[in-house]
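Listed below are the residues making up each chain.
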Amino acid sequence: MCGIVGYVGSRDAVGVILDGLKRLEYRGYDSAGIAVVSSGGLQRRRSEGKLQNLVRSLAAEPLSGAFGLGHTRWATHGRPSEENAHPHQDCTGRLVVVHNGIIENYLALKARLEGAGHRFVTQTDTEVVAHLVESLYAGSLEEAVRRAVGELEGIYALVLMHESEPQTLVAARVGPPLVVGLAEGEHFLASDVAALLPYTRDFVFLDDGDIVTVTPGAMRLVNAAGEPVVRQAQRILWDPIQAEKGGYRHFMLKEIHEQPQAVRDTLFGRMGLEEGEVHIEELAGAAASLAEAKRVVLIACGTSWHAALVGKFLIEQIAGLPAEVDYGSEFRYRTPIVDASTLAVAISQSGETADTLAAFREAKRLGASGVAICNVQGSMLTREAAGTLLTHAGPEIGVASTKAFTSQLVALALLALHLGRLRGTLSRDACRRHLESLARLPHLMEQALAAPGPIEELAKAAVKASDFLYLGRGIHYPIALEGALKLKEISYIHAEGYPAGEMKHGPIALIDERMGIVALCPRGRVYEKMLSNVQEVKARGGRVIAVATAGDSEIRRILDAADTLLEVPALDELWSPLLFVLPLQLLAYYTAVRAGRDVDQPRNLAKSVTVE
Ligand code: G6P
């Protein structure tokens, strides 16, 4: 949700900033802008639409400078336009700001500043920051920013520069993420580490309330009172190559194919196959809360919420603990029954989703102990959790989450087994058997991806469908939800996930030849029931795409020429969601490609939602 990059050093700032913005474009892509300072003073360039438009404009009329900042926008206040694109400037044009977040009291501040003679030219909340800092500026940008943020309400990651302070950037954070990249003789600022991986692996993660000033040779971190803050740098082990497309047409397709490795890396080093134990060192500090919890509350948004629904099944079945699942955005607005016997588990790819963070804080405020499952080391969530089970999916760039999801599922599997062992509900032998099944997963996922069935053919027909219904039961119901979400977010075809048994209470009325039906039919507890549901669809003329276990001959008998069967390798029912989701991801992908959609950057969406 808006991407920010800043640079001070001896390279050409424009190149570094555009390169960083390109890696951040998944955060927002409705307009972009850049400002640099050179001997000619501060210069700014902005464009409506994707970053490519800005790149074209800069190619036609180049800018250069040794320090500067840039922004890619996901509009909150003010429609996407060149005028509303960041950076925003003050009345003098000598000070600029880029912002991710929302300034909630901007109208009151704007009225006051207009009364004092400031001229506003945009509809954004951000512009108020430029004028406020201008009004407080007396020769030190850091000091003016420090005083200004004292007046701001809302959430912000801000980066500012002033023409009269050479090689200096000042940044502040409350809410949305901001990192400082460290390197010899240069400093970088960005919304996330993936933007800066080609330049550095050493980062300082800013905390709420931090104000940082960077010059090529120094970084000064202070709190709201202006007192120095000491913060350790962290080395990030992600490989910069992971953040490139590597020959794939889209990040999403690359990330779909990276899933076996992401799952392998997430399982790696945590499976004690011989002793029938799970080793999660990161949760060692929270072992007592895990062992003593009476119930679990899983908190997440979007795709991570679907992972949480699978996690509920696993935790209840394996660890015998009651588990509930909440949307981050709903949890705070009811009266959750949470106390010291509750274990709150926040699940987030980015670790920065505002609603997930807020709900997690609320659960902890009510007395719960809190652990996290997260893909981004150093993110806010990891810093607020008593322990974090990191998923090792590497940077996920495609807005539609794929490898982060399956990595979350195996992290939840490990957590459920760990809870089962800690609480004595799972024997070593049973744990060993589960781990043996899990150890087969990466290979089976490779098999499933290597021979996915006629999905590209299916996509040709799918683009013509008006709606899609995804049906699943039990632990595969969340996979039906996830399949529907994937399709709708990138192809814009309306899709719903439904528990198959509920279909006759409503959606069955919708079935006609224009509706696509995807039925998840794994062998297992509810197999026969699923087949009955498929029969119900077929009896009403519906055409079915059935996803079933390889070698299942029974399902073949009820399908006919109008239907399609997609097979996935056989695996224990508890872990088969990790295989069943793969054809659904591919179906969404190829349908969106067929429909000519922008797969990696679907309209209106952002990968990391840092506003509530
Ligand atoms: C956005 C993304 C989704 C993601 C959700 C939660 O909606 O587009 O892919 O699942 O946020 O994000 P998180 O980083 O908390 O998992």
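Rules used in this analysis
- For every chain, the first residue of the written sequence is number 1, and numbering continues from 1 onward in sequence order.
- Only residues with pLDDT of at least 70 are given local features in this predicted model, and only at 80 or more are side-chain atom pairs given and counted; all residues enter the totals for whole chains, interfaces and linings.
- Derived side-chain values reflect all non-hydrogen atoms in the structure, with water molecules and hydrogen atoms excluded from consideration.
- By definition, any uninterrupted DSSP run of H or I lasting at least four residues is a helix, any uninterrupted run of E lasting at least two residues is a strand, and each is numbered from the N terminus.
- Between buried and exposed lies partly exposed: a residue is buried under 20% and exposed over 50% of the maximum accessible area for its type, with that area taken using a 1.4 Å probe on protein chains only.
- Only heavy atoms are used to decide nearness, and a residue is near a molecule or strand if one of them lies within 4 Å of it.
- By the criterion applied in these results, polar contacts are pairs of N or O atoms within 3.5 Å in which, for protein atoms, one can donate a hydrogen and the other can accept it, and in which residues neighboring in sequence qualify only through two side-chain atoms.
- Each accessible area is a Shrake-Rupley estimate made with a 1.4 Å probe; only the visible protein chains count as cover when residues are assessed.
- Note on residue classes: Ala, Val, Leu, Ile, Met, Phe, Trp, Tyr, Cys and Pro are nonpolar, Asp, Glu, Lys and Arg are charged, and everything else, Gly too, is polar.
- A fitted line through C-alpha atoms serves as each axis, taken over the contacting stretch for helices, and the angle formed by two N-to-C directions is quoted from 0 to 180°.
- Each angle gets one of four labels, with under 35 degrees taken as roughly parallel, over 145 as roughly antiparallel, 65 to 115 as roughly perpendicular, and the rest as oblique.
- Put simply, a crossing is left-handed when the front helix is turned counterclockwise from the back one by less than a right angle, and right-handed when it is turned clockwise.
- The contact rule is simple, with two residues in contact once any of their heavy atoms fall within 4.5 Å.
- Strand pairing is assigned whenever DSSP identifies at least 2 bridges connecting the two strands.
- Aromatic rings from Phe, Tyr and Trp, with only the six-membered ring used for Trp, were paired whenever their centres fell within 6.5 Å, and each pair was classed as stacked if the ring planes differed by under 30 degrees, edge-to-face if by over 60, and tilted otherwise.
- Here a crossover is taken to be right-handed if, once the strands point away from the viewer, the path from the first strand over the helix to the second is traced clockwise.
- For the domains described, the bounds stem from an automatic or database domain assignment.
- For our purposes a nonpolar core is just a set of buried Ala, Val, Leu, Ile, Met, Phe, Trp, Tyr and Cys residues, chained together by side-chain atoms within 4.5 Å.
- Salt-bridge detection follows one rule: a side-chain nitrogen of Lys or Arg within 4 Å of a carboxyl oxygen of Asp or Glu.

Moving on, we get to unusual backbone geometry. Residue Pro87 is bonded to the preceding His86 through a cis peptide linkage, with omega at -5°. In this structure, Pro87 sits in the loop between β4 (67–73) and β5 (88–89). Of note, Gln167 is a non-glycine position whose phi angle comes to about 50°, a positive value. Summarising the element assignment, Gln167 is placed in the loop between β7 (154–162) and β8 (169–174). The partly exposed category is assigned to Gln167, whose relative accessible area is 22%.

All right, on to the site of the ligand then. Neighbouring the ligand are 13 residues; Ser304, Ser348, Gln349, Ser350 and Thr353 lie closest to it. Val399 has a polar backbone atom sitting 3.2 Å from an oxygen atom of the ligand. Protein chains bury 90% of the 380 Å² of accessible surface belonging to the ligand in isolation. The element contributing the most residues to the shell around the ligand is helix α9 (residues 302–319), with 3 residues. Classifying every residue of the shell around the ligand gives 4 nonpolar, 8 polar and 1 charged.

Let's shift gears to the packing of helix α15 (residues 455–462) against helix α19 (residues 577–594). Across the interface, α15 lies against α19 with an axial gap of 8 Å and an inter-helix angle of 55°. If you check the angle between α15 and α19, you find them oblique. Along this stretch, α15 crosses α19, giving a crossing that reads as right-handed. Between α15, through Ile455, Glu456, Leu458, Ala459, Lys460 and Ala462, and α19, the contact on the second element is made entirely by Pro583, Leu586, Leu587, Tyr590, Thr591 and Arg594. Its residues assigned to classes, the contact of α15 with α19 comprises 8 nonpolar, 1 polar and 3 charged.

Turning to the environment of Val410, a few remarks are in order. Within the fold, Val410 resides in helix α13 (residues 403–423). Expressed as a C-alpha distance, the spacing of Val410 and Trp575, which sit 165 residues apart in the sequence, is 8.4 Å. If we ignore the near neighbours within four places in the chain, the residues touching Val410 are Val263, Thr266, Leu267, Leu438, Leu441 and Leu578.

The next subject is the sheet that holds strand β19 (residues 342–348). Sheet architecture is open: 5 strands sit in the order β18-β17-β19-β20-β21, paired in parallel fashion. Only two strands of the sheet have a single neighbouring strand rather than two, namely β18 (323–327) and β21 (388–390). The sheet shows a mean angle of 20° between the axes of neighbouring strands, taken without regard to direction. Where β19 meets strand β20 (residues 369–374), 6 bridges bridge the pair, whose relative direction is parallel.

All right, on to the packing of aromatic side chains then. The tally for this structure, following the rule as stated, stands at 5 aromatic pairs. A ring pair is formed by Tyr7 and Phe188, whose centres lie 5.1 Å apart and whose planes are at 50°; its orientation type is tilted. Here Tyr7, found in strand β1 (residues 3–8), pairs with Phe188, found in strand β10 (residues 186–190); they are 181 residues apart in sequence, far enough to count as distant. Tyr7 sits in the buried class, given a relative accessible area of 0%. What makes Phe188 buried here is its relative accessible area of 0%.

This part is about the pairing of β20. Where burial is concerned, most of β20 is hidden: 6 out of the 6 residues are buried. Side chains of β20 alternate between two faces, with Ser369, Val371 and Ile373 and Gly370, Ala372 and Cys374 buried alike. Following the chain from β19 across helix α11 (residues 354–365) to the adjacent parallel β20, one finds a crossover that is right-handed. Bridge count between β20 and β21: 3 bridges; the pairing is parallel.

Before going further, it helps to spend a moment on the environment of Ile211. Within the element layout of this structure, Ile211 appears in strand β12 (residues 211–214). Ile211 sits in the buried class, given a relative accessible area of 0%. Here Ile211 is in contact with Glu142, Arg146, Val149, Val170, Ala171, Ala172, Arg220, Leu221, Val222 and Asn223, once residues within four sequence places are set aside.

Before going further, it helps to examine the domain arrangement of the chain. Partitioning the chain into domains gives domain 1 (3–236), domain 2 (251–450) and domain 3 (455–594). Each of domain 1 and domain 3 has a C-alpha centre, and these two points are 46 Å apart.

What follows deals with the nonpolar core. Within the largest apolar cluster, 91 residues are counted, with the highest numbers of intra-cluster contacts made by Leu298, Leu314, Phe468 and Tyr470. With 12 residues, α19 is the largest single contributor of residues to this core. Here this core spans two domains, since at least three of its residues come from each of domain 2 (251–450) and domain 3 (455–594). Val16, Val179, Tyr199 and Val376 belong to the second largest nonpolar core, which has 35 residues in total.

Looking now at the sheet that holds strand β25 (residues 543–549). Overall, parallel pairing links the 5 strands, which are arranged β23-β22-β24-β25-β26 in an open sheet. Each edge of the sheet is formed by a strand with only one pairing partner; in this case those strands are β23 (494–499) and β26 (564–568). Here the average twist between neighbouring strands, direction ignored, is 20°. Where β25 lies against β26, 5 bridges are found, and the strand directions are parallel. By the bridge assignment, Thr549 is partnered in β26 with Val568. Here helix α16 (residues 477–491) sits on the sheet in contact with β22 (467–472), β23 and β24 (515–521), set at roughly 175° to β23. Of the strands in this sheet, β22, β24, β25 and β26 are in contact with α19, which crosses β25 at around 145°.

Considering all chains together, one arrives at 35 salt bridges under this definition. Across the pair Arg173 and Glu352 runs a salt bridge, and its minimum N-O distance is 3.0 Å. On the criterion of sequence distance, the pair formed by Arg173 in strand β8 and Glu352 in the loop between β19 and α11 is long-range, its members being 179 residues apart. For Arg173, a relative accessible area of 1% puts it in the buried group. In this structure Glu352 comes out as buried when scored by relative accessible area, which is 8%. A salt bridge links Glu384 to Arg361, with the nearest nitrogen and oxygen atoms 2.7 Å apart. On the criterion of sequence distance, the pair formed by Glu384 in helix α12 (residues 380–384) and Arg361 in helix α11 is long-range, its members being 23 residues apart. With a relative accessible area of 34%, Arg361 lands in the partly exposed category.

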